[in-house]
Amino acid sequence: MQATLYLILEDMVILEFMERKKLVVIGGGFAGLAVVKGLKKAPLDITLIDKRNHHLFQPLLYQAATATLSVRDIAIALRQVFAKQDNTTVIMGDVTDIDKKNKMVVLGNGDLFPYDYLVVAIGSRHSYFGNDHFEKNAPGIKTISDALLIRERILTAFEKAERLDSISETHKYLTFVIVGGGPTGVECAGSIAELIQKAMHKNFRRIRTEKARIFLIEGFDRLLPPFHPSLSERTKKDLEKLGVTVLTNRLVTNITEEGVQVGDTFIEARTVIWAAGNAIPPLVQCLETPLDRQGRVLVEKDLSIPGHSEIFVAGDAAHFKFKDKILPGVATVALQQGRFLAKLLLKEAKQSHPSKHRKNGFVYFDKGNLATIGTGKAVGNIGNFRFKGLFAWLIWGFVHIAYLVGFRNRISVMLEWTIHYLTGARSARIIQGTIDENLPKREASAILEAQEIKTLDRENR
Ligand SMILES: Cc1cc2nc3c(=O)[nH]c(=O)nc-3n(C[C@H](O)[C@H](O)[C@H](O)COP(=O)(O)OP(=O)(O)OC[C@H]3O[C@@H](n4cnc5c(N)ncnc54)[C@H](O)[C@@H]3O)c2cc1C
């Protein structure tokens, strides 16, 4: 009797196991992470696939690019996040195809992952609006590698300027151009200005770092277009006080090794950062469903794609209209969409025959906008309530710490910010490469002459 009961129970467990539906989530960014975290207790077999092994907190990436934070402060291994979530397997892999007919996700080496439900949350890349050749000289900031590349270029520019004899060459290295006056461009420009003024100024002997120039170029007629015009104006004034030259209503027509063409003007600059435009990775084309001009997937009210109630797209990759406005590609949208999908999938995972016609759609709660300009300077709005200055900066800091993933990261970022606030110091200033190979070659006979040049009055440099 006992043995029979045992066998029946075992069968029930096996049945339960076999009936668990498979959820595959592509992308461990804000949306993907929110979906999987929200399904901690769901009777689902979840596979989270990301081509990188970490979740990255992109809103603070510019601080890694400008030497305030180390990249390990703003990223966390996905495997660590889900170590205790038994229903979830993390796979590091690049998804190259989605076979809708056979319900399979295909990885770069041909590995297959079957699904009952699929969430595509692959974020966005920067777009050069058809000028992809700009990228070589003007990297964008989206990944850790991008941030490290930009940090290396900024720090190396100062080192090269210190080594050069020619004053005009020195000035090219001490000129920084940021293209795009949205939050990322504004934050980058302000942060480079403070890096120069507070952290670099007493560190060099041959160059005067205060002579460095920073240009912020925006095609629209004001900075921070999604914000109220009064906040755009305040941002411009704050940046100008920090020494940034703001050029609005100007389009960049070319970027070379030598600098940036803006209309009739050529700005000689060795360091250019691209902070304009978004494009969705081409993977979404495998879904064979309508896309908008940026490549975002037009999704239904429940974030599924037309004709496939089992496939969802969330975050930057989704084109979702709410109250007649397309939701912007920001972290709060991605997070809320991820949480919405988690609730929806949890409910359906518990039903033996979920209805294909879902009643509830995604409802967006607008928490407002925030952008920081520099230490103690930020702008923001919640609905019609607008705020700026130190108050806005404190809210900005609080919100970013609250959303950062990982306890260690929160403590580390708070510590770095406190030190930075009190002393202006930047700790992440290590350059990995060397520079001599890229400097002009000097003839042996010119060495003495060079010694004389080195004693040039610093005022001239
Ligand atoms: C520099 C910067 C500053 C920002 N500042 C702010 C801010 O202050 N406030 C704000 O709200 N938002 C900000 N954003 C926007 C915000 O970060 C994004 O809206 C948010 O990250 C989108 O989340 P997501 O989940 O859609 O994509 P992501 O967070 O980008 O995650 C996508 C994930 O998908 C993975 N992936 C992509 N393709 C594949 C593939 N083929 N196979 C496997 N994995 C893949 C990627 O590796 C990545 O981990 C900023 C963005 C940037 C770049």
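Calculation rules
Residues numbered from 1 in each chain as written. Predicted model: local features only at pLDDT ≥ 70, side-chain atom pairs only at ≥ 80, totals over all residues. Helix = DSSP H or I, 4+ residues; strand = E, 2+ residues; numbered from the N terminus. Buried ≥ 20, exposed ≤ 12 C-beta atoms within 10 Å, placed from the backbone. Contact = placed C-beta atoms within 7 Å. Near = placed C-beta within 6 Å. Nonpolar A, V, L, I, M, F, W, Y, C, P; charged D, E, K, R; others polar. Domains from an automatic or database assignment. Pairing = 2+ DSSP bridges. Right-handed = clockwise from strand over helix to strand, strands pointing away. Axes fitted to C-alpha atoms, helices over the stretch in contact; angles between N-to-C directions.

1. A few points about the overall build of the chain
For the chain, the helix and strand inventory stands at twelve helices and 27 strands. Overall size of the chain, expressed as C-alpha extent along the three principal axes, is 100 × 50 × 40 Å. Expressed as a percentage of the 461 residues in the chain, the buried residues total 40%. Long-range contacts, defined here as pairs at least 24 residues apart, represent 66% of the contacts in the chain between residues at least 6 apart.

2. Describing the site of the ligand
Lining the immediate surroundings of the ligand are 34 residues, of which Gly 27, Gly 29, Gly 123, Gly 315 and Val 330 lie closest. Of all the elements in the fold, those that place two or more residues in the shell around the ligand are helix 2 (30-38), strand 2 (44-50), helix 3 (61-65), helix 7 (183-200) and helix 9 (331-349). Residue composition of the shell around the ligand, grouped by class: 18 nonpolar, ten polar and six charged. Here the shell around the ligand spans two domains, since at least three of its residues come from each of domain 1 (2-51 + 93-124 + 280-349) and domain 2 (132-278 + 369-438).

3. Some remarks on the pairing of strand 13 (residues 244-247)
What you see with strand 13 is a clean split: Val 244 and Val 246 sit on the buried side and Thr 245 and Leu 247 on the side with no burial. Of the strand pairs in this sheet, strand 12 (residues 213-217) and strand 13 are connected by four bridges, and their pairing is parallel. From the neighbouring strand, Leu 216 faces strand 13, where its bridge partner is Val 246. In the classification by handedness, the crossover that spans strand 12, the intervening helix 8 (residues 229-241) and the parallel strand 13 is right-handed.

4. Section: the sheet that holds strand 25 (residues 369-374)
Taken in spatial order, the three strands make up an open sheet running 25-26-27, and their pairing is antiparallel. Every other strand in the sheet has two partners, leaving strand 25 and strand 27 (385-388) as the edge strands with one partner each. Within this sheet the neighbouring strands show an average axis-to-axis angle of 10°, counted without direction. Sheet strands touched by helix 10 (residues 389-403): strand 25, strand 26 (377-382) and strand 27. Its angle to strand 26, the strand with the most contacts, is close to 75°.

5. Observations concerning unusual backbone geometry
Residue Ala 67 is not a glycine yet carries a positive backbone phi of 70°. Along the chain, Ala 67 turns up in the loop between helix 3 and strand 4 (75-77). Despite not being glycine, Lys 323 has its phi angle at roughly 50°, a positive value. Summarising the element assignment, Lys 323 is placed in the loop between strand 23 (321-322) and strand 24 (325-326).

6. Quick look at the sheet that holds strand 1 (residues 21-26)
Strand-to-strand pairing in sheets goes through backbone hydrogen bonds, with the strands running parallel or antiparallel. The strand order across the open sheet built from six strands is 5-2-1-9-21-20, with neighbouring strands paired in mixed fashion. Unpaired on one side and paired on the other, strand 5 (88-92) and strand 20 (304-305) mark the two borders of the sheet. Pairing of strand 2 with strand 5 involves five bridges; the strand directions are parallel. Within strand 5, the position partnered with Leu 48 by the bridge is Val 90.

7. Some words on the domain arrangement of the chain
When the domains of the chain are assigned, the result is domain 1 (2-51 + 93-124 + 280-349) and domain 2 (132-278 + 369-438). With centres defined by C-alpha atoms, the gap from domain 1 to domain 2 works out at 35 Å.

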